[in-house]
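# Structural overview
Listed below, chain by chain, are the residues.
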Amino acid sequence: MTGQMVKLRFYGGVNEIGGNKILLEDKKTRILFDFGQSFTFGAEYFTSWLSPRAINGLKDHFEFGLLPKIRGLYAKEQLAFTNFQYAKPEVDAIFLSHAHFDHVAHICFVDPQIPVYLGVGTKLFLESMEETSGYCDYKEHDYRTFRTGKKIKIDGVVVEPVHVDHSIPAAYGFLIHTSEGTVVYTGDLRMHGARKDLTEEFAERAKECEPDALVCEGTRMVLKEKRKNYSESQVERLSDEIVSSTDKIVFMTHYSRDMDRLRTFYNVAIKNGREIVISPKTACLLCKLIQDEHLDLPDPLGDEHVLVYYKRKKSGTYDDGDYYVWERQFMDKMVTCEFVHENQGKLIMDLDFYQFAELIDIKPSRGSHFIRSMSEPFSEEDIEDKVLHNWLDHFDMQFHQLHASGHLNREQIGSLVTEIDAKKVFPVHTENAYLFKQISKNVQTIESEKEYGI
Ligand SMILES: [Zn+2]
């Protein structure tokens, strides 16, 4: 008898990019892979300051069907105000592929008795987010860390995490060995990053398993890509061209957890005899991540090429007491707006859009540069994009768009699916599952919460 015992159910990531929640059942064993928040989460009912009330646990979420009612998954306190009854854990484990919020955010609702398995680096990211952001709280969990190649036995199921390259370090795909065969889950992955070899190794291992099912991400599975994407090495080369041909300051902005990108700009700074200026938050994250020797990142305290920008707060005099405790540890590396103003040609500065007001004090000279090293806006009516350009125009700065995506492009997804050659393919994390059918006849398009055998 085949195809009876092992079932997959997708509670998120179905016809949407992000929000992955994949439940695998093998006889009595139930394992959840990722438990993230979708990007459009609650957008029909909540906007800006109108948001679900934390005090209400899951009540506000259930009101609008924003999270699935899975028995034996949620913490007792989260269900207290709901009419969904608490049950002792009926999910045996949760595995997180990487620390992006569309894969992890909802673990805050999960019963603390359920073990949460995650990469060593992923754990560091979660800790850092909780320490440096005022509102981030994943709550207590029985965390169990892994590294690539480890085999984790959950009853009769063996889960093998294998590293992949993505726009955040410590990203993994999973080989899930069940009683009926192997299920491969890609997580999020790419082939044009700094560590293409990791994704290649994952694909190789997946193929060797002759899997019965492949759950594959398809973020960039689109008919025609409108946005310009480079490889990480192209981003480095093109940034270097900008920096080496100017004596003015170069600002850049990137996704805060994309450490490959930070390293790219660090490299460009060194190559051009410049120093890189980062925020206390980024410095804090680096301090955390260098605990993992595999990540090869600069130490903000020890590296002379790294400076930390302090904006004026409270007293306005850069007094220790003006800053959070976690911010204070880099005060020896402090630079201020005056320093940046006086040393413009010697710096590359990491400046987030929401910190643009600092430009008023920094007073960049005309013709300075700004590199947006993240995705282009999704719509032409994007308000923040308009505001960004107004600021750049106001200070007469030159704008550059240089970004490498965290995901495989359509052609690369095709090669991966063909190479792994699973008997069934389940597209997730995509808006265009139908395009997978052009690659393989084994594609199973999925509906939310429906059960599928492997
Ligand atoms: Zn991701």
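Structure report, in brief.

## Considering the coordination of the zinc ion
Around the zinc ion, the protein contributes the donor atoms His98 (NE2), His100 (ND1), His166 (NE2) and Asp188 (OD), which lie 2.2 to 2.4 Å from the metal centre. Each of the four donor atoms bound to the zinc ion contributes to angles spanning 87 to 174°, and the resulting shape is irregular. Taken in chain order, the donor set of the zinc ion reads H-x1-H-x65-H-x21-D. Of the two residues, His98 sits in the loop between strand S4 (93–95) and helix H3 (101–104) while Asp188 sits in the loop between strand S10 (181–185) and helix H5 (196–208), which places them 90 residues apart along the sequence. Here His98 falls in the buried class, since its relative accessible area comes to 0%.

## Observations concerning the nonpolar core
Among the nonpolar cores identified, the biggest contains 86 residues, and Leu73, Tyr74, Leu126, Phe251 and Met349 are the most heavily contacted of them. Leaving out residues up to four positions away in the same chain, Tyr74 has contacts with Phe35, Leu58, Phe62, Leu67, Pro68, Leu79, Tyr86, Phe109, Val110 and Asp111. Formed by 29 residues, the second largest nonpolar core is a distinct cluster that contains Val14, Tyr117, Phe174 and Phe426.

## Some details on unusual backbone geometry
At Asn15, a position not held by glycine, the phi torsion is positive, near 55°. Tracing the sequence through the fold places Asn15 in the loop between strand S1 (6–12) and strand S2 (21–26). Residue Asn15 is classed as exposed on the basis of its relative accessible area of 52%. Of note in this structure, Ser48 is not a glycine but carries a positive phi near 35°. By secondary structure assignment, the location of Ser48 is in the loop between strand S3 (29–35) and helix H1 (59–63).

## Focus on the packing of aromatic side chains
Applying the stated criterion across every chain, the model contains 26 aromatic pairs. Judged by centre distance (6.3 Å) and plane angle (20°), the ring pair of Phe174 and Tyr185 falls under stacked. Of this pair, Phe174 sits in strand S9 (residues 171–178) while Tyr185 is found in strand S10, placing the two residues 11 residues apart along the sequence. Judged by relative accessible area, which is 0%, Phe174 ranks as buried. Taking the relative accessible area as the measure of exposure, Tyr185 reaches 2% and is therefore buried. Judged by centre distance (6.0 Å) and plane angle (70°), the ring pair of Phe356 and Trp391 falls under edge-to-face. With Phe356 in the loop between strand S16 (347–350) and helix H11 (358–362) and Trp391 in helix H12 (residues 383–394), this residue pair connects regions lying 35 residues apart in the sequence. The buried category is assigned to Phe356, whose relative accessible area is 3%. For Lys69, the ring lying beneath its charged end belongs to Phe62, and the centroid distance is 5.2 Å. Over the ring of Phe378 we find Arg227; its NZ or CZ atom is 4.2 Å from the centre of that ring.

## Some remarks on the packing of helix H6 (residues 232–244) against helix H7 (residues 259–271)
The contact between H6 and H7 brings their axes to 9 Å, and the two run at 35°. Relative to H7, the crossing made by H6 is right-handed. Across the interface between the two elements, Glu232, Val235, Glu236, Ser239, Asp240 and Val243 of H6 pack against Asp260, Arg261, Thr264, Phe265, Asn267, Val268 and Lys271 of H7.

The rules behind the values
Per chain, the residues get numbers from 1 upward, laid out in the order the sequence is written. Totals for whole chains, interfaces and linings use all residues, but because this is a predicted model, local features are given only for residues with pLDDT of at least 70 and pairs of side-chain atoms are given and counted only at 80 or more. Note that the side-chain values use all heavy atoms of the structure and ignore hydrogens as well as water. Donor atoms are limited to N, O and S found within 2.8 Å of the metal ion, a distance that becomes 3.2 Å for Na, K and Ca. With water left out, some sites might look partial. Angular criteria define each label, namely tetrahedral for four donors with all angles between 85 and 135 degrees, square planar for four and octahedral for six donors with opposite donors over 155 degrees apart and remaining angles between 65 and 115, and irregular for whatever fails these tests. The secondary structure listing takes helices from DSSP runs of H or I that are at least 4 residues long and strands from runs of E that are at least 2 residues long, numbered from the N terminus. Burial classification: accessible surface area is computed with a 1.4 Å probe over protein chains only, and a residue below 20% of its type maximum counts as buried, one above 50% as exposed, and the rest as partly exposed. The nonpolar core is taken to be a set of buried Ala, Val, Leu, Ile, Met, Phe, Trp, Tyr and Cys residues, with the residues joined through side-chain atoms within 4.5 Å. Contacts were defined at the residue level, with two residues in contact if any of their heavy atoms lie within 4.5 Å. Any Phe, Tyr or Trp ring, taking Trp's six-membered ring, that has another such ring centre within 6.5 Å forms a pair; planes under 30 degrees apart are called stacked, those over 60 apart edge-to-face, and the others tilted. By definition here, charges over rings are those cases where NZ of Lys or CZ of Arg is within 6 Å of the ring centre and within 35 degrees of the ring normal. Axis lines are fitted through C-alpha atoms, for helices just across the contact stretch, and the angle between N-to-C directions can take any value from 0 to 180 degrees. Left-handed is the label given to a crossing in which the near helix is rotated counterclockwise from the far helix by less than a right angle, and right-handed is the label when the rotation is clockwise.

Scope: geometric values only; no functional claims are made or implied.
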